[in-house]
Amino acid sequence: MVQRKRNVACLESLWDDKTEDRLNVVPILELISKTLDVKCSQLNCNTENEFEYNLGLLRKRNYGILYLGFHGSGGTIFLHDKSEIDLAEIAEMMGNGFSDWIIHFGSCGVLRKKKALEDFVGNTQVAVATGFTKTIDWIESAALELLLFQAFQTYTNPKLACRSMLTKYPDLVNRTGFCFYADN
């Protein structure tokens, strides 16, 4: 298989009210960066304005993978200030500035609503959207995300990377409710 470098940009909200010893995805990004030799960046987004502003910053970059690390459920991500943004609003903010990118929702149950997911992919023209349909365990989801980001570096076609996850790690896929959608 051909190696393809897809750098990872992450938008993440605070997971709780801790200001010290904070839980975040930075260690996952560091492991990805060091082992797969890709660039990773992480920006905090605790309000809808920060989220939209940071999307604007990333739109001008050439990362290839957008990792959204938030609490969530049923087609919606939750920001730390208690605001909620659904997939349609995220798609509107993104426009087609992320066409051909891979979007990963590292959030509980955000991809539960299939129609909202299909509309999101169609409206943004992203290559593929991935995430979870269930409430996820932090460690299990982190393990799956590491394997997924590795697959995205290994396969030239992101849909093939996702399909490989289904066949190689069926138990982990089932436990997390991992799913993906690509328009074409």
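Quick look at the structure, then. Remember, it's a predicted structure, so these values are computed and weren't measured experimentally.

**Describing the overall build of the protein**
In terms of regular secondary structure, the protein is built from seven helices and nine strands. Taken over C-alpha atoms, the radius of gyration comes to 15 Å for the protein, in line with the 16 Å a tight globule of 184 residues would show. Based on the C-alpha atoms only, the size of the protein along its principal axes is roughly 45 × 35 × 30 Å. Evaluated residue by residue, the protein yields a buried proportion of 51% over its 184 residues. A fraction of 73% describes how many contacts in the protein between residues 6 or more apart in sequence connect residues 24 or more apart. Accessible surface, the protein as shown: approximately 9100 Å² in total, 48% of it carbon and sulfur. If you average the places of the 20 positive and of the 23 negative side-chain charges in the protein, the two averages end up 8 Å apart.

**Remarks on the sheet that holds strand β8 (residues 128–132)**
With mixed pairing, the six strands of this open sheet are ordered in space as β2-β1-β3-β7-β8-β9. Two strands in the sheet have a free side with no partner beyond their single neighbour: β2 (40–44) and β9 (178–181). With direction set aside, neighbouring strand axes in the sheet form an average angle of 15 degrees. Sheet strands in contact with helix α2 (residues 48–59) are β1 (7–12), β2 and β3 (64–69), and its direction is about 165 degrees off that of β1. Sheet strands in contact with helix α6 (residues 158–168) are β7 (102–105), β8 and β9, and its direction is about 155 degrees off that of β9.

**Observations regarding the sheet that holds strand β5 (residues 76–78)**
Across the sheet, three strands lie side by side as β4-β5-β6; this open sheet has antiparallel pairing. Of all strands in the sheet, those bounded by a partner on one side alone are β4 (71–73) and β6 (84–86). For this sheet the average axis-to-axis angle between neighbouring strands, irrespective of direction, equals 25 degrees. Pairing analysis gives three bridges linking β5 to β6, with the strands arranged antiparallel. Note on β6: the bridge partner recorded for I77 is I85. The sheet contacts of helix α3 (residues 87–94) involve β5 and β6, and relative to β6 the element is tilted by about 80 degrees.

**What to know about helix α1 (residues 26–36)**
Residues of α1 that are buried: I28, L29, I32 and L36. The buried residues of α1 occupy one face: seen down the axis, they fall within an arc of 100 degrees. Relative to its buried face, α1 has exposed residues pointing more than 90 degrees away, namely K34 and T35. Along its buried surface, α1 packs onto β1, β2, β3 and α5 (138–154). Once α1 ends, the next one or two residues include D37, with phi positive near 55 degrees.

**Quick look at the packing of aromatic side chains**
Any aromatic ring pair is given by two values, namely how distant the centres are and how the planes are angled relative to each other. For the coordinates displayed, the defined rule picks out six aromatic pairs. Ring centres 5.5 Å apart and planes at 70 degrees place the aromatic pair F105 and F120 in the edge-to-face group. One end of the pair, F105, is in strand β7; the other, F120, is in helix α4 (residues 114–124), and 15 residues separate them in sequence. Pair check on accessibility: F105 and F120 agree, each one buried. Every member of this aromatic cluster is reached through a ring pair, and the members are Y67, F149 and F152.

**Examining the pattern of salt bridges**
This structure, assessed with the given rule, holds three salt bridges. The shortest N-O distance in the salt bridge between R175 and E140 comes to 2.5 Å. Taken together, the residues span a long stretch of sequence, with R175 in helix α7 (residues 170–176) and E140 in helix α5 at a distance of 35 residues. Its relative accessible area of 19% is what places E140 among the buried residues.

Reading the values: the criteria
Per chain, residues are indexed from 1 in the order of the written sequence. In keeping with the model being predicted, local features are shown solely for residues with a pLDDT of at least 70 and side-chain atom pairs are shown and tallied solely at 80 or more, while totals for entire chains, interfaces and linings include all residues. Each side-chain value is worked out from all heavy atoms of the structure, with water and hydrogens disregarded. In this text, helices come from DSSP runs of H or I with a minimum length of four residues, and strands from runs of E with a minimum of two, each type numbered from the N-terminal end. We compute the radius of gyration over the C-alpha atoms and compare it with the globule rule, which gives 2.2 Å times the number of residues raised to the power 0.38. The classification of residues rests on relative accessible area computed with a 1.4 Å probe and restricted to protein chains. Under 20% of the type maximum is buried, over 50% is exposed, and intermediate values are partly exposed. Two residues qualify as a contact provided that any one of their heavy atoms is within 4.5 Å of a heavy atom in the partner residue. Shrake-Rupley sampling with a 1.4 Å probe provides the accessible areas, and residues are treated as covered by the protein chains on show and by no other component. Neither His nor the chain ends contribute to the count of charged residues, in which Lys and Arg are positive and Asp and Glu negative. Working definition for charges: the position is that of NZ of Lys, CZ of Arg, CG of Asp or CD of Glu. Paired strands are those between which DSSP finds at least two bridges. Helix axes are fitted to C-alpha atoms over the stretch in contact, other axes to C-alpha atoms as well, and angles between N-to-C directions run from 0 to 180 degrees. Throughout, the arc means the angular range of directions from the helix axis out to the C-beta atoms. Aromatic contacts are taken between Phe, Tyr and Trp rings whose centres are within 6.5 Å, Trp giving its six-membered ring; a plane angle under 30 degrees counts as stacked, one over 60 as edge-to-face, and the others as tilted. Any Lys or Arg side-chain nitrogen located within 4 Å of an Asp or Glu carboxyl oxygen qualifies as a salt bridge.

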